[in-house]
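# Examining the three-dimensional arrangement
Each chain, written out:
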Amino acid sequence: MSVMVEGIQSVGQVTSWLAAERPLFLVIHILGVACFAYIVAKRLVPLIRAERDLRFDQPLARLGRVFKFWLGQWKHPRYKAAGTLHILIFAGFILLAMRAFTVLIVGVSPNFVMPGFSGRVGHIYDLITDYAATVVFLCMVVAVIRRLVFKPARYAVPARYGKAHTADAIFLLALIAILMLADSLFEAAKAAGQAQQGQPVEWLAALSLPWMLQVALLSAPLPTLGNLYFGAYLLHEVTFYFLLCYRPFGIQFHVETSLFNIYFAKLDREALKPVKWGISDEHLDQVKSFGVKTFEDFTWKHMLDFYSCADCGRCSDNCPANAVGRPLSPRFITIKARDYAFQHYPMFGKANNSKPLIGGIYSEDEIWSCTTCGACEEECPLLVEYIDKIVDLRRGMIDDGNVPQSLQKPLKALESRGNPYGKMEKKKADWANAPEFQQVCKVKTLGKANGANTLYFVDSITAYDDRMQSIGRATAKILDHVGEDFGILGAAEKDSGHEVRRFGEELLFMALRDHNVDAIKASGVRRIVTSDPHAYNTLTRDYKDIPPVEHISQVIASEVKSGKIKFNPVENGNSVYTYHDPCYLGRHNQVYDDPRDVLDAIPGLKRVEMGRSRDRSFCCGGGGLMLFYEPKEEQRMGVKRVQMAAEAGANVIVTACPFCMVNIEDAIKVAGLEGKMTAIDLAELVDKQIAREGQEAA
Ligand code: SF4
Ligand code: SF4
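Anyway, here's the lowdown on the structure attached to this text. (Residues numbered from 1 in each chain as written. Chains lettered and ligands numbered in written order. Predicted model: local features only at pLDDT ≥ 70, side-chain atom pairs only at ≥ 80, totals over all residues. Heavy atoms only, no water.)

Two elements in contact, helix H6 (residues 166–196) and helix H8 (residues 222–246), have axes separated by 8 Å at closest approach and are oriented at 150°. Between H6 and H8, the interaxial angle falls into the category roughly antiparallel. For the pair H6 and H8, the crossing hand works out as left-handed. By residue class, the composition of the contact of H6 with H8 is 22 nonpolar, 4 polar and 3 charged. (Axes fitted to C-alpha atoms, helices over the stretch in contact; angles between N-to-C directions. Helix = DSSP H or I, 4+ residues; strand = E, 2+ residues; numbered from the N terminus. Parallel < 35°, antiparallel > 145°, perpendicular 65-115°, else oblique. Left-handed = near helix turned anticlockwise from the far one by under 90°. Nonpolar A, V, L, I, M, F, W, Y, C, P; charged D, E, K, R; others polar.)

Judged by nonpolar contacts, the single largest core of 147 residues is most densely connected at Phe-295, Phe-298, Trp-431, Ile-520 and Val-654. Ranked by the residues each element gives to this core, the list is headed by helix H23 (residues 506–523), at 7 residues. Aside from chain neighbours lying at most four places away, what touches Trp-431 is Phe-437, Tyr-456, Val-458, Ala-463, Gln-469, Gly-472, Arg-473, Ala-476 and Ile-488. Formed by 20 residues, the second largest nonpolar core is a distinct cluster that contains Leu-96, Phe-137, Ala-143 and Met-180. (Core = buried A, V, L, I, M, F, W, Y, C linked by side-chain atoms within 4.5 Å. Buried < 20%, exposed > 50% of the residue type's maximum accessible area, 1.4 Å probe, protein only. Contact = heavy atoms within 4.5 Å.)

What follows covers the packing of aromatic side chains. Counted by the stated rule, this structure contains 29 aromatic pairs. Taken together, a centroid distance of 5.9 Å and an interplanar angle of 40° make the contact between Phe-25 and Phe-230 tilted. Of this pair, Phe-25 sits in helix H2 (residues 22–49) while Phe-230 sits in helix H8, and the two are 205 residues apart along the sequence. Taken together through their ring pairs, the aromatic side chains of Phe-25, Phe-186, Tyr-229, Phe-230 and Tyr-233 make up a single cluster. The ring of Phe-342 is capped by Arg-43, whose NZ or CZ atom sits 3.8 Å from the centre of that ring. (Phe/Tyr/Trp six-rings, centres within 6.5 Å; stacked < 30°, edge-to-face > 60°. Lys NZ or Arg CZ within 6 Å of the ring centre and 35° of its normal.)

In structure tokens form, the structure reads like this:
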């Protein structure tokens, strides 16, 4: 077989099998492109009517994300089998894109060759795409088998969310397989025809799909080859345009939208979306309606999210609310909104919109069930955002006075007393002022005459909850041990407002924040330390113009390194420790290593990792106002988490958040593990193990 170094452009020279039907191909092209343009234009209508979203800044950073998350498929390997399949299919599509375009043009211009792809380059490209088409075809076969035989649980659609999506998924996979087959047959028939006519034959990649088809066709009669060549071309062209126009009606729309969705993805994922983009806090009182109430209240980027979801189920697979049977599955937050968009913005006729979403496609419980843990966003390969949407929906409910009964009292107390328990402000420093504690560690309450370098921002739960005050005292003793000049705000400190904001009470949050900012500024401190990851998150993300903030685990890790903190060995050699990553320290702020480094620095401490740890940590049940909310659920999140710790072989759960401590200690009791499992805060453990003067240091 002689090697021909030209590419597809030789078709016209070899055979005129396509030439006679050029007008037909041209008509299909025009119709296909026109239909696609019309469909996309219709899909853009709700985005044009949507709320603003400022996503046009930092083009280089955004491009970097496109390279990482779109081209680099960064998140896909988190699911090994599905991820590998997707990477292979994606790479195949990228390689085949130009080939598909070239093949389409060849129908109307037989000698067309992509500039720069004649000669040897074109030949090498043809060989690569022979393999790419083969790999994509095989991946389709494997994907269909997975869907039909292995049926990964995360693809299932619970009855309350409608019908299974399997048929649609199989149909789309089959269409792509047909596309690959048609392309390969087109090439194979051409090569077999060239051979029979004694013309130079293109060299097809050995063992590829086109190569195998060519081998099978070598002895076929010439007219049959002509029909196959023409038929394969027609099938390719029709399938290509059908797919192009069908994709915007379902999950495959992400093929078109994913690049844009990733480019416009939030750069600072941890920062909560403002109530309205472009409206400053001072002008919020002029805003007529807060939050999302109708579909059109979503921002255009959030609508693009809805179009871009690939229905892979990874978000819901990692959502703790979904895992414990709460009425929330993030995947269906998206799918329901997309179905709504398709239904209310039809291809023909007028848009039928502005229906309330709560009570329509979403239930109140569904939206209140989210702990804002961020597991869904961490997992999504297409960077679909959930927390902002859920908070926006909550803002809408709050604006309508639609507040769950159990939250009304704590919200009122926050308004009147600055804490959700309704306790007196003057009692806020009681944990530190107890005479027996003052003998061990003097904690200053900052004021005009009483300054310090560092503020320990305590926050409500640690200041008022009897059990959590132990975390406050341990934190103070650690700061004292390392010689830090620190103090607290006492009665001048109000709740940080972290959960208030995430529960949609923006104006109340602003009042709490402004009060605290004034108090912090008046204290003259240069640094803030907190033992509460929720306070840490809101002080760093939602507050402005305050000194730098650190979580106590970061301070301890740095003082262990500096040598100021040394540890005594653990006494009970039978204890096996595991570290539970609080969502707002780990996933939201990437503080994963410091707490682990501290634990590993304690001599004799045996530590194991839970199956779900670090960025896949499983939420304990949520903090702040979530403690007051009574969700419908089959099991407590904390119980599931405690069981995970037991499965890992641990009998001590260390965490670094007072809310995690409430949930985990409670879950130990509910799970019947009292006496077998204990929980301790990192600060408490460090305080217990610190080698103080006169004690033996490791
Ligand atoms: S933030 Fe957490 S609880 Fe909320 S939807 Fe996402 S995974 Fe579920
Ligand atoms: S939102 Fe993301 S993770 Fe969830 S189903 Fe869609 S693509 Fe998958």
